[in-house]
Amino acid sequence: MKITEIDTPALLIDREIVLKNLEKMQKYADKFNVSLRPHTKTHKMPYFAKLQVAYGAKGVTVAKVGEAEVMAKEGLSDIFIANEIVTRQKFARIIALQKAGVKVSFGVDKVGVLRLIDEVFGEAKEVAELLVEIEVGENRSGVIEEDDFRALMSAFGECKNVKFCGVFSHDGHSYKAKDKRECEQIFRAATDRTLKFAGIAREFGYENFTVSIGSTPSLINDFEIPKGVTELRPGTYIFMDASQANAYGSFDMNAASVLSVVISRPTATRTILDAGAKALTKERRSEGFCTTPGMGLIAEHEVWIDSLFDEHAIILNEKFAKSVRVGDLVRIYPNHICPVVNLYDYAYLVSGDEVCENMPVLARGKIE
């Protein structure tokens, strides 16, 4: 089957580029003797999770219990949920995974929740494997104050049905760095802070635990990984997108694109595509070296989409309008690939102009 036979809009994944990306990140982890546990929230496909493990990944990361269930059902057996889990309903689902033989760990950042986890897992005669999230500047979840972290460490010692497995952090604010130099500074500060909390954990007698970090802008640029870090959790690197390509400085790693067709040229400057917000999302980066000046980049023409309606993309560019006809196919690099993948039932793995495989996005919509 040829790409020209695919109905649009469609999600395309370039096989050769994906494999190079997998090799690149695994070699990077191996260079610094750290484990790779890639975040599957980007691709949401067990097909690619299994490839990542085949290339050497220790296990996989997910964002939600629903994603963990999908990955486990498809044979992934070592899963970290990089999120705080706080309800009995979700604890029950994690316990079910553990009883089925899957190694599952997840995040915590509050003493009260830790004690609830201890209670629920004790009732099920299971032990919860937990990592404490450290807030490193993204202004999201995670422990901020050292005293709160010490209180958590003390609580771990008092609980019988939980196991302290390490600390983790995410320097997502690196996306807003003005350049690679500032990105590295953010990465260093975030990593140093994570390692500082790891040091506090050692004061409580813990040794040989996981110190996990992750953010694609920090990891695709080959910054040196400090000693003490044991694990990397990048996600977007496998597919990349328009914003991450800006951070990297090249589109050579861009494996994912949305295939779209020109459906109208109503004026000399306006062109309309059939991939709107429901195919691309309306997300854009507005700050730092990940800034995207439009709503997606038309790869072959280096032209940005000016605006999106639900089912239409609008390009206001006379040169582009003259270079395409109604019915022509174009490929679009989305601004942020992770939510875009979640819009599609399946993706096409392609090589050149050929379709190699049709892959279901099995974790699509698993937001619970």
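The following refers to the structure shown. Note that the structure is predicted; figures quoted are calculated from it, not measured. (Residues numbered from 1 in each chain as written. Predicted model: local features only at pLDDT ≥ 70, side-chain atom pairs only at ≥ 80, totals over all residues. Heavy atoms only, no water.)

**Considerations on the overall build of the chain**
Then step 1. A tally of regular secondary structure across the chain gives 12 helices and 18 strands.
Then step 2. Here the C-alpha atoms of the chain give a radius of gyration of 22 Å, agreeing with the 21 Å that 2.2 N^0.38 yields for 368 residues.
Then step 3. Dimensions of the chain, computed from the C-alpha atoms along their principal axes, are close to 70 × 45 × 35 Å.
Then step 4. Burial analysis of the chain (368 residues in total) assigns 56% to the buried set.
Then step 5. Considering only residue pairs separated by 6 or more positions, the chain has 69% of its internal contacts joining residues 24 or more positions apart.
Then step 6. Of the roughly 15,600 Å² that the chain leaves accessible, carbon and sulfur atoms contribute 48%.
Then step 7. Both charge centroids of the chain, one from 47 positive and one from 52 negative side chains, sit 1 Å from each other. (Helix = DSSP H or I, 4+ residues; strand = E, 2+ residues; numbered from the N terminus. Rg over C-alpha atoms; globule rule 2.2 N^0.38 Å. Buried < 20%, exposed > 50% of the residue type's maximum accessible area, 1.4 Å probe, protein only. Contact = heavy atoms within 4.5 Å. Areas by Shrake-Rupley, 256 points an atom, 1.4 Å probe, with all protein chains shown as cover. Lys, Arg positive; Asp, Glu negative; His and termini not counted. Charge placed at Lys NZ, Arg CZ, Asp CG, Glu CD.)

**Brief notes about the packing of helix H5 (residues 111-123) against helix H6 (residues 146-158)**
Then step 1. Taken N-terminus to C-terminus, the directions of H5 and H6 make an angle of 15°; their axes are 10 Å apart at the nearest point. Compared by their axis directions, H5 and H6 come out roughly parallel. The element H5 and its partner H6 pack so that their crossing is right-handed. Mapping the contact onto sequence places Val111, Leu114 and Arg115 in H5 and Ala151, Leu152, Ala155, Phe156 and Glu158 in H6.
Then step 2. Class assignment for the residues of the contact of H5 with H6 results in six nonpolar, no polar and two charged. (Axes fitted to C-alpha atoms, helices over the stretch in contact; angles between N-to-C directions. Parallel < 35°, antiparallel > 145°, perpendicular 65-115°, else oblique. Left-handed = near helix turned anticlockwise from the far one by under 90°. Nonpolar A, V, L, I, M, F, W, Y, C, P; charged D, E, K, R; others polar.)

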